[in-house]
Amino acid sequence: MKLPVKHILQFFKKRAFFFTLLVVAINIVLGGWTVFNNDILYKSDVARDFLLFDELSQKGFILLGPRASGLQGLFHGPLWVYLNYPAYVIGQGNPIVVGYFWILLNILFLVSSYIVAKKLFNHSVANVYVILLSAASIFYVNSLFNPYGAMIVMPIFLYTIIRYSQTLQWKYLLFNLLALGAIIQFQMAVGLPLLLLTALYALFIIWKNKLFKHLLVVPILILPFSTFILFDLRHEFGQFNAIVQSFTTESSNIYISYADRIVDRWESMTKRIFFAQGNFSGIINEIVSLFLIFFAYTRLRAKGDKKNEHRHIIFTILYFYIGFYLITILFNGLLLLHYTFPVIPLLFLLFSSMILYMNKKVFFTLLIFLILVNIHDGIIHAQTFVKAKGTELTSWHFQSQAAKKVFDTAKGEFGYFLYAPDYHAYAQKYAFVYTNTLYPNKKAFLFEKKPVVYTVVEPAPEGRADLDDTYWIKSMVKIESKPKNVTTYPNGFTIKEYILTEEELKVSPDPQTADWLKYR
């Protein structure tokens, strides 16, 4: 039986906006399903951010965000912390309230992205664009951290630089630099390559059109860089020296050849691109990549205004997307998700623009396939995290319930020690911070010995018995006696209660057990 493709296309064309709203709504619900069930994916980076929110509430002002993983001694800006802080305050530190803010933030991102796509192209492109962005959000909106901040600014960054090249108005260059500064604040590994690419792009326009007065807006970058500058002035140029040392001293990182870096960048551009994220995502993304490569090639080679109305926009998208990956080849390392995550909107917009030039039957077949794949995998994704509630280490519900068990059990004052194999113990630290506020009548002393001490221990990875808590308890906490009570969860998480002897109370724990600076 021959499918009435023509009638299907006409149906979607007449009801395109309502179809878009329906698909986007489904994706938003699937993405927020974990939060709607009073949990979030409580990864290490997310837990670290909550510690930073708590630090801001204590100090009232901070100059730095989380440490940058790519270079020792370098930090991201604090903009992500400030962006989330109002929700943190409203929720009185409850991560679930912040989780609802993430859903709202994602909706605002989709709205702003729709407006950008509509202005650069038209309604049809905008509809496809928000469908793709909302589909991708299913898999990350329950666990946002600073790279997402760079992602939400990316469409605005692209729009302002394109409008500057089209209108030659200095205000668009100003807005573009502010957007770029926000990206740098959120994620330096993305912002700095874009800074170089923007400089080359804008300088060419300025030189070609003799618009040298426009260079007067460049000092606006001092605003987003101000937090880094102020911190270095107060701390003996620590970050600046870290950057200098990275070029002048031998790196402790394992050297990765340029050939391996090129292969890694290619796979990041073709296999890890978020069009599909469940089963068979690699092959699906590679198929989509082939369509994109062919489309980009034909658009850049097309001649004539009618056939190539959006050539400049498509060129600009490719310039920043491909340029980003070319520059990162200089970085001695593999590209992790949070390095590439913020540039995905560029690729999604390129794909969405295919609706204007590609055979409609082929395009809508591919689009409907991607929608169905993501909804199917999104349902599995949502179900998986609901089942993980209260059982997995990355469940906020589990971590908070474990902390509450200690406070419910303890009488009077007690010591509270935390351990994780990575020594950061971000998840356990913030679970303690938040739970401590719920029990104002209990006196808990974190990383201090009292006659009664509780150790909260994350299990070692499978096959790494050397990372269990045995050495830590004896050599770091300085406890030799056996625990009075031990609670072991099915996932290996343990809570141990110790009644200390007079001799054990006299021996102070190693100061490194109380190192809160590791998340900095």
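Everything that follows concerns the structure shown earlier in this document.
Since the model is a prediction, treat every value here as computed from it, not as a measurement. Position labels on residues start from 1 in each chain and follow its written sequence. Given that the model is predicted, a residue must reach a pLDDT of at least 70 before its local features are reported, and side-chain atom pairs must reach 80 or more before they are shown or counted; all residues, however, enter totals for whole chains, interfaces and linings. Calculation of side-chain values draws on the structure's entire complement of heavy atoms; hydrogens and water are dropped beforehand.

Among buried residues, those of type Ala, Val, Leu, Ile, Met, Phe, Trp, Tyr and Cys that are joined through side-chain atoms within 4.5 Å constitute a nonpolar core. When accessible area is computed with a 1.4 Å probe and restricted to protein chains, residues below 20% of their type maximum are described as buried, those above 50% as exposed, and intermediate ones as partly exposed. By size, the foremost hydrophobic cluster in this structure holds 165 residues, and its most contacted members are Tyr 148, Phe 275, Phe 351 and Tyr 416. Beyond its immediate chain neighbours, meaning those up to four positions away, Phe 275 contacts Leu 132, Asn 285, Val 288, Leu 292, Leu 347, Phe 348, Phe 351, Leu 370 and Asn 374. By definition, residues are in contact when any of their heavy atoms lie within 4.5 Å.

In this scheme Phe, Tyr and Trp rings, the latter by its six-membered ring, pair at centre separations within 6.5 Å, and the angle between planes marks the pair as stacked below 30 degrees, edge-to-face above 60, and tilted otherwise. If you walk through the whole model with that rule in mind, you get 46 aromatic pairs. Pairing Phe 414 with Tyr 454 gives two aromatic rings, centres 5.6 Å apart and planes at 85°, and the pair type is edge-to-face. Here Phe 414 is found in strand E1 (residues 413–419), whereas its partner Tyr 454 is found in strand E3 (residues 452–457), with 40 residues between them in sequence. Exposure class is identical for Phe 414 and Tyr 454. Each is buried. For a lysine, the NZ atom is tested; for an arginine, the CZ atom; a charge sits over a ring if that atom is within 6 Å of the ring centre and within 35 degrees of the ring normal. The aromatic ring of Tyr 258 is capped on one face by Arg 261, whose charged end is 4.1 Å from the ring centroid. For the purposes of this entry, the term helix denotes a DSSP run of H or I that reaches at least four residues, the term strand denotes a run of E that reaches at least two, and both are numbered from the N terminus.

Look at Phe 280: it is not a glycine, yet its phi comes out positive at around 60°. Structurally, Phe 280 can be placed in the loop between helix H12 (258–270) and helix H13 (281–301). In this structure, Ala 425 is a non-glycine residue whose phi angle is positive, near 55°. Following the sequence through the fold, Ala 425 ends up in the loop between E1 and helix H19 (426–438).

Of the two faces of strand E2 (residues 443–446), the one holding Ala 444 and Leu 446 is buried and the one holding Lys 443 and Phe 445 is not buried anywhere. Note that E1 and E2 share four bridges and pair parallel. From the neighbouring strand, Phe 414 faces E2, where its bridge partner is Ala 444. Handedness rule for crossovers: strands pointing away from the viewer, path from the first strand over the helix to the second running clockwise, crossover right-handed. Once the chain exits E1 it traverses H19 before rejoining the sheet at E2, and the crossover so formed is right-handed. Between any two strands, pairing holds if DSSP finds at least two bridges.

With that settled, the discussion passes to the pattern of salt bridges. By definition, a salt bridge exists where a carboxyl oxygen of Asp or Glu is found within 4 Å of a side-chain nitrogen of Lys or Arg. Enumeration according to the criterion identifies seven salt bridges in this entry. Linking Glu 55 and Lys 59 is a salt bridge whose minimum nitrogen-to-oxygen distance equals 2.8 Å. Highlighted residues: Glu 55 and Lys 59, both in helix H3 (residues 44–59), separated by four residues, approximately one helical turn. Here the salt bridges share partners, and the residues they tie into one network are Asp 264, Arg 265, Glu 267 and Arg 272.

For the rest of this paragraph, the subject is the pairing of E3. The element E3 is largely enclosed, with a buried count of five among its six residues. Bridge count for E1 against E3 is five bridges, and the pairing is parallel. Paired with Gly 415 across the strands is Val 453, a residue of E3. As paired elements, E3 and strand E5 (residues 494–499) share six bridges and run antiparallel to each other. Along E5, the bridge assignment pairs Val 457 with Thr 494.

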